[in-house]
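Architecture at a glance
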Amino acid sequence: MKPAWILFGAMFCASLGHSVLVPVLPALMRELGLSALQGGLLLTGSSIVWVIFCPWWGRRSDMRGRKPFIMLGLTGLALGVGLFALVMQAGLDGVIASATLVWLLLMGARVIGAALHSAAAPATQAYIADVSTGQQRTAALGIMSAAKGLGSIAGPALGALVVSLGLSLVTPIFLSALTPLVGMLLVWRLLPQVQASLKRGERAPALNVLDPRLLPLLVISFCAMMVPAVVTFTIGYLVQDRFGLDTLETTRLTGLAVMASGVALFFAQMVLVQVLRVPPLKLLRLGMPLALGSLLLLAAAASSMQVMLAMALMGLGIGMVQPGFRSAVTFAVEPHEQGAAAGLASSIPAYSYIIGPALGTALYGVNPVSPFLLASLVMLAGIAVLVLHPRTRALQPAI
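Rules and cut-offs
- Residues numbered from 1 in each chain as written.
- Predicted model: local features only at pLDDT ≥ 70, side-chain atom pairs only at ≥ 80, totals over all residues.
- Heavy atoms only, no water.
- Helix = DSSP H or I, 4+ residues; strand = E, 2+ residues; numbered from the N terminus.
- Contact = heavy atoms within 4.5 Å.
- Polar contact = N/O pair within 3.5 Å; in protein donor to acceptor, adjacent residues only side chain to side chain.
- Core = buried A, V, L, I, M, F, W, Y, C linked by side-chain atoms within 4.5 Å.
- Buried < 20%, exposed > 50% of the residue type's maximum accessible area, 1.4 Å probe, protein only.
- Patch = residues over 30% accessible without salt bridge, like charges linked within 9 Å, V, L, I, M, F, W, Y side chains within 5 Å.
- Areas by Shrake-Rupley, 256 points an atom, 1.4 Å probe, with all protein chains shown as cover.
- Salt bridge = Lys/Arg side-chain N within 4 Å of Asp/Glu carboxyl O.
- Disulfide = S-S within 2.5 Å.
- Axes fitted to C-alpha atoms, helices over the stretch in contact; angles between N-to-C directions.
- Left-handed = near helix turned anticlockwise from the far one by under 90°.
- Nonpolar A, V, L, I, M, F, W, Y, C, P; charged D, E, K, R; others polar.

1. Section: the environment of Ser 15
Structurally, Ser 15 can be placed in helix H1 (residues 2-19). As a C-alpha pair, Ser 15 and Gln 274 span 259 residues in sequence and 21 Å in three-dimensional space. In this view, Ser 15 contacts Ala 147, Lys 148 and Gly 151; residues no more than four positions away in its chain are not counted. Here the side chain of Ser 15 touches Phe 12 through a polar contact of 2.9 Å, landing on its backbone oxygen.

As structure tokens, this is what we get:
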């Protein structure tokens, strides 16, 4: 399916902007004299903005078509990442002496990027729903979602390569600000335009998170996405403290662990989802226990290999959860509601990231194991909703 592969390329370019940051952020925050909690709050702040804007952009795409909003989102990401890198470099060079001011400016860069980049996610999901049906839709969403897995592989590799050349830890972030622009050009030149699902003058549907068709699916996704939300911004601290590593060794091992997760996520979405061809809710039933197992293994990990295995399990699990959830949402609503529903679906991971990073890093300061145990309890709640909720049980035969 050609549009899915075009969007795969565009979303891969975008995912580099996120994945490069993961292994270098803990070390950079400590270089700037900022705390783990402040690092977590950076993602929390941008996630709040994402939650606000995602549904709004999704409804706009129902009225005006998908392609313009995908392009806007990619351009906005490039702007946000570029500003973030500039502020980070200015802080490291002493141009901005106040650590508090550096943190506030970093937050501002993240907020700008999130407000604009949030246009792309719902428009991309709704575009796939517009041009596909049945199992083809689940497979196409799997291809599109796999871009994140590939980005999680390439981003840390890019960061490690650049740092190994003796360049600044900020240099990979500058490079990753360029890649979303490449994705925007791909969409502009190659992606066919599709007609807006609403006619001129029609009002966009006003879906909300309490819609009974969507609520159990949204709760399940929130619980599942708490796993990467907690792990992503605590894994660097866990690796450094548990194994007594210096900054460069921490960056290298954290990058390898994130890459392992990315490889597994990519394999799940490009191989397992495409080959197994199972219904969306079954993908959730397969993926969520794997993600739960990754948390328990991380809590007890006594070697770098166990950390790598845990991250790979997380990638496999989330790699099945993401397309399963997004596909289930598209089947739960009407064609003219796809953009609005995609906006809600795209905002749910951000709800997890509002809570997860700040809570995870704060709990880590109390006890290094507690973030992973808390996320395990949340995941168990999500599994209970998936298995026991009447609506998901009723949907199981259909999707």
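Now that the structure is up, let's keep going.
2. Topic: the nonpolar core
Of all hydrophobic cores here, the largest spans 109 residues; its most connected members are Phe 84, Leu 106, Ile 173, Leu 214, Val 231 and Val 307. Residues in contact with Val 307, not counting those within four places in the same chain, are Ile 235, Leu 238, Val 239, Phe 243, Ala 257, Leu 298 and Ala 301.

3. Points about unusual backbone geometry
Although it is not a glycine, Arg 277 adopts a positive phi angle of roughly 50°. Within the element layout of this structure, Arg 277 appears in the loop between helix H12 (247-276) and helix H13 (280-300).

4. A look at a nonpolar patch on the surface
Residues Val 209, Leu 210, Leu 215, Val 219 and Tyr 351 make up a contiguous nonpolar surface patch of roughly 380 Å² in combined accessible area. Owing to a relative accessible area of 31%, Val 209 belongs among the partly exposed residues under this scheme.

5. Thoughts on the pattern of salt bridges
Oppositely charged side chains can pair when the atoms bearing their charge come close. Overall, the coordinates contain 4 salt bridges when judged by the stated rule. Of the charged contacts, one joins Arg 66 and Asp 130 as a salt bridge, the two residues approaching to 2.7 Å between their closest N and O atoms. Here the residue Arg 66 occupies a position in the loop between helix H3 (36-64) and helix H4 (67-92), and Asp 130 occupies one in helix H6 (residues 120-131), the gap between them amounting to 64 residues. What makes Asp 130 partly exposed here is its relative accessible area of 31%. The salt bridge involving Glu 337 is made with Arg 213; its shortest N-O contact spans 3.0 Å. Of this pair, Glu 337 sits in the loop between helix H14 (304-332) and helix H15 (338-366) while Arg 213 sits in the loop between helix H9 (179-190) and helix H10 (215-232); the two residues are 124 residues apart in sequence, bridging distant segments of the chain. For Glu 337, a relative accessible area of 9% corresponds to the buried category. One connected set of salt bridges, linked through shared partners, spans Asp 62, Arg 66 and Asp 130.

6. Overview of the state of the cysteines
Enumeration according to the criterion identifies 0 disulfides in this entry. There is no disulfide at Cys 13, and the cysteine sulfur nearest it, in Cys 54, is 20 Å away. Sulfur of Cys 54: no disulfide; nearest cysteine sulfur belongs to Cys 223 and is 19 Å away. On the basis of relative accessibility, which here comes to 0%, the residue Cys 54 falls in the buried class.

7. Let's talk about the packing of H12 against H14
Their axes nearest at 7 Å, the elements H12 and H14 cross at an angle of 35°. Crossing geometry of H12 relative to H14 is assigned as right-handed. Among the residues making up the contact of H12 with H14, the classes are represented as 20 nonpolar, 6 polar and no charged.

8. Let's talk about the side chain of Ser 61
Tracing the chain through its elements places Ser 61 in helix H3. Residue Ser 61 is classed as buried on the basis of its relative accessible area, which comes to 1%. Separated by 2.7 Å, the side chain of Ser 61 and the backbone oxygen of Gly 58 make a polar contact. Excluding anything up to four places from it in sequence, Ser 61 contacts Arg 66, Phe 69, Ala 123 and Gly 339.

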